Amino acid sequence: MYQFRRILKMDLVNLFTNPMWLFYTTAFPFALTLIFGFLAKGSYSDNITSYDFYGITTMIYSALNAGTLAANSFMEKDIKGPNMRLIYAPVPSFAIYFPKIIATVIFTTVCYTAVALLLRVTVHVNFGETNTVYLWLLMILVEIFAASFSVMLCCVLKTEAAVNQILSFAITLMTLLGGVFFPVDGLGKAVTAVSNLSPVKWVALSAFQIIYDGKFTLLLPACIILAVVSVICILFSTKFFKTEDFV
Amino acid sequence: MEAILSIKNLEKSYQAKKVIKDLSFDVHKGEILCILGPNGAGKSTTLNILTGVLNYEDGMFQSKGKNVHDHLRLFKKRLGIVPQDIALYEELSAEQNIKFFASLYGLKGNALSTSCNQALEFAGLSERRKDKVKTYSGGMKRRLNIACAIAHQPEILILDEPTVGIDPQSRNHILSSIKELRNKGMTIIYTTHYMEEVEEISTRIIIMDGGRIVASGKKEELKEHVNEERLYHIDVDHTEGINEKEFYHIEGVKHVSISASQVELATLKSVENLDRIISVFIQNKVKINSISCESTSLETVFLRLTGKSLRD
């Protein structure tokens, strides 16, 4: 466990000292919410403002992007060399890839919490008031899912470029279908039916249900599904991770 | 001498291509074993098998009589690895890098600090211990790359071309440090493209080509292999019309290599045949500019055994 803790600490240091990643997880979602919120200002009521809507959807989109960060912290060009020393060291395999998932989730949770606080103060985004903790539980599970899925892809595909391409395509598709940036229900029955397949839609519905209805009927199934899929991804990582693929 | 690593009849393939063929050798305690070979000879694959990272299809890899892969984590604890590429966290200091990598081998607390100090001193980086690695020169990074591998005081140190692209001063520092480590009882396994390094530090040499060992022994023994021959370098105006078969007809000629303006011949020392060699040029109306005779070096041994230059 000592080595595991040391590797986790190093992964956290690598994430928190990278200015690009800090920008990507703080300034980017903050600016995205402000821009979308401002552009759609006239289309929303006073009860649920455009900033409320895009504040939440941008958080979901950003949580999914935790996958990209996990892939980077595993295989990014500058990190891959020193990470290779971990393969030579007497540490169990899971201590190489598993801390990447935990570090990514800690890093994104800290950054997105800071962004949420800033959005709350500046444009009064509603994050669920007394139910914020449930909303954050959901977001953290989305981050765990995204990071686990990404690390699994790294273990299977062995290249960061291929993983990033797949993740980028998958995240964009799921968020568009999930109506994160614009509602898709008005685009016809077929599109609505397809959008039901996007897990992002259900996460967004669950989030809005927690915030505005104080209901948790979608939260439990969403959490269970995300947790189960994450565990499956980690098990697949265990199966596919081979040290010799990295030398 | 005690064998601390033993490889027997090892076979390794990538997809359908066999890259290691029937490889057998021992590594003895306290030696500096240099592994030489042209690109694609199987050196890196052999090193990766020795680190325990790479599996193999057939054969045996033992340490102190035990199968390495049955006790892999214990075995890895005894190793220090210096990868060919710089493997350091550039945003961190030298001290942070050494402490992190040494801690992976179980060092903590005072023992970790002491080992880190010793490694920094060894690498000559004590004064810049707090500086970020990205501010270091290439030579300093290479030295730190080694320091990170020895902080936990491994029994066996494996270095994969550790002096690539550095200045002579840093190279000398690294080579003398390696000899110092050996004097302290560490066993060293070393690959390089620089023959002068092998001449300077090796206690034993393995020459590989095509996934096999083509020769092994102390450098004096290897030189003995080709000592019965002498090598002529003949610089000429041109080599048009010269056929190597003409030289092979001369008694004692063992090896011929013809390039645009030079002919190299290896011939038996016991046969006086220079006049007949010169007459081939005269018959072909080729003007000889100079003739030199080379004494046996490791480079010659390597060339004769593999047919390739070390940097091929």
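The rules behind the values
Residues numbered from 1 in each chain as written. Chains lettered and ligands numbered in written order. Predicted model: local features only at pLDDT ≥ 70, side-chain atom pairs only at ≥ 80, totals over all residues. Helix = DSSP H or I, 4+ residues; strand = E, 2+ residues; numbered from the N terminus. Buried ≥ 20, exposed ≤ 12 C-beta atoms within 10 Å, placed from the backbone. Rg over C-alpha atoms; globule rule 2.2 N^0.38 Å. Contact = placed C-beta atoms within 7 Å. Nonpolar A, V, L, I, M, F, W, Y, C, P; charged D, E, K, R; others polar. Domains from an automatic or database assignment. Pairing = 2+ DSSP bridges. Axes fitted to C-alpha atoms, helices over the stretch in contact; angles between N-to-C directions. pLDDT = per-residue confidence, 0-100. Core = buried A, V, L, I, M, F, W, Y, C linked by C-beta atoms within 7 Å.

**Quick look at the overall build of chain B**
- Each helix and strand counted, chain B has 11 helices and 14 strands in total.
- Based on the C-alpha atoms only, the size of chain B along its principal axes is roughly 80 × 45 × 35 Å.
- Scored against the burial criterion, the 312 residues of chain B give a buried share of 38%.

**Description of the overall build of chain A**
- Each helix and strand in chain A was counted, giving 12 helices and zero strands.
- In sequence order, chain A lays out its α and β elements as α-α-α-α-α-α-α-α-α-α-α-α.
- Taking 247 residues into account, the globule formula puts the C-alpha radius of gyration at 18 Å, and chain A, at 18 Å, falls close to it.
- Counting only C-alpha atoms, chain A reaches 60 × 40 × 30 Å along its principal axes.
- Of all intrachain contacts in chain A linking residues separated by at least 6 positions in sequence, the fraction that spans at least 24 positions is 77%.

**Here we look at the interface of chain A and chain B**
- Taken together, the contacts link 19 residues of chain A with 23 residues of chain B.
- Of all the secondary structure elements, the ones that give two or more residues to the side of chain A that touches chain B are helix H1 (2-16) and helix H6 (77-88) of chain A.
- In the side of chain A that touches chain B, the residues fall into 11 nonpolar, four polar and four charged.

**Here we look at the pairing of strand S9 (residues 204-209) of chain B**
- Burial analysis of S9(B) places six of its six residues in the buried class, which makes it a mostly covered element.
- Covered by surrounding structure in S9(B) are B:Arg204, B:Ile206 and B:Met208 together with B:Ile205, B:Ile207 and B:Asp209, the residues of both alternating faces.

**Brief notes about the domain arrangement of chain B**
Residues and elements named next belong to chain B.
- By the assigned domains, chain B splits into domain 1 (3-223) and domain 2 (229-306).
- On a C-alpha basis, the centroid separation for the pair domain 1 and domain 2 is 39 Å.
- For the side of domain 1 that touches domain 2, the secondary structure elements donating two or more residues are helix H7 (195-201), S9, strand S10 (212-217) and helix H8 (219-227).
- Residues of the side of domain 1 that touches domain 2, tallied by class, amount to eight nonpolar, no polar and four charged.

**Some points on the sheet that holds strand S12 (residues 253-258) of chain B**
All names here are of chain B.
- Taken in spatial order, the four strands make up an open sheet running S12-S13-S11-S14, and their pairing is antiparallel. Each of the sheet's edge strands pairs with one partner strand only, and the pair in question is S12 and strand S14 (288-294). Ignoring strand direction, the axes of neighbouring strands in this sheet form an average angle of 15°.
- Bridging between strand S11 (residues 229-236) and S14 involves six bridges; their strand directions are antiparallel. Among the inter-strand pairings, Ile234 is bridged to a residue of S14, identified as Ile291.

**Examining the confidence of the model for chain B**
- The share of residues in chain B with pLDDT of 70 or more is 94%, and the mean pLDDT across the chain is 86.
- Looking across chain B, the model is least confident in helix H11 (residues 298-306) of chain B, with a mean pLDDT of 69, and most confident in helix H3 (residues 94-103) of chain B, with 93.

**Thoughts on the nonpolar core**
- In terms of nonpolar packing, the biggest core is built from 139 residues, with A:Ile60, A:Val142, B:Ile98, B:Leu144, B:Ala147 and B:Ile158 touching the most fellow members.
- Residue contributions to this core peak at 16 residues, all from helix H8 (residues 132-157) of chain A.
- Those residues within four positions of B:Ile158 in sequence are excluded, and the remaining contacts are B:Leu47, B:Leu50, B:Thr51, B:Leu79, B:Ile81, B:Val82 and B:Ile189.

**Some details on the pairing of strand S4 (residues 58-63) of chain B**
All names here are of chain B.
- Relative to S4, strand S1 (residues 3-14) runs antiparallel, the two being bridged by four bridges. Looking across to S4, one finds that Glu11 is bridged to Asp58.
- Where S4 lies against strand S5 (residues 66-67), two bridges are found, and the strand directions are antiparallel. By the bridge assignment, Ser63 is partnered in S5 with Lys66.
- In this antiparallel pair of consecutive strands, S4 and S5, the connection spans two residues, and Lys64 shows a positive phi of 50°.

**Here's the deal with the confidence of the model for chain A**
- Per-residue pLDDT for chain A averages 88, and the proportion of residues at 70 or more is 100%.
- When pLDDT is averaged over each element of chain A, helix H7 (residues 94-123) of chain A comes out on top at 93 and helix H10 (residues 189-195) of chain A at the bottom at 81.

**A short note on unusual backbone geometry**
All names here are of chain B.
- Residues other than glycine seldom take positive phi values, yet Asn9 does so here, at roughly 50°.
- With respect to the helices, strands and loops of the structure, Asn9 is situated in strand S1.
- Note on Asn9: 12 C-beta atoms within 10 Å, which makes it exposed.
- The backbone of Gln153 shows a phi angle near 50°, a positive value even though the residue is not glycine.
- Here Gln153 is to be found in the loop between helix H5 (138-150) and strand S7 (156-160).

**Topic: the environment of B:Arg204**
Residues and elements named next belong to chain B.
- Note on placement: Arg204 falls in strand S9.
- Residue Arg204 is classed as buried on the basis of its C-beta count, with 20 C-beta atoms lying within 10 Å.
- Separated by 10 residues in the primary sequence, Arg204 and Tyr194 place their C-alpha atoms 15 Å from one another.
- Discounting residues that sit within four places of it in the chain, Arg204 has contacts with Glu31, Leu33, Gly217 and Lys218.

**Re the sheet that holds strand S2 (residues 17-28) of chain B**
- In space, the four strands of this open sheet follow the order S2-S1-S4-S5 (chain B), with antiparallel pairing throughout. Every interior strand has two partners, whereas the edge strands, S2 and S5 of chain B, have only one.

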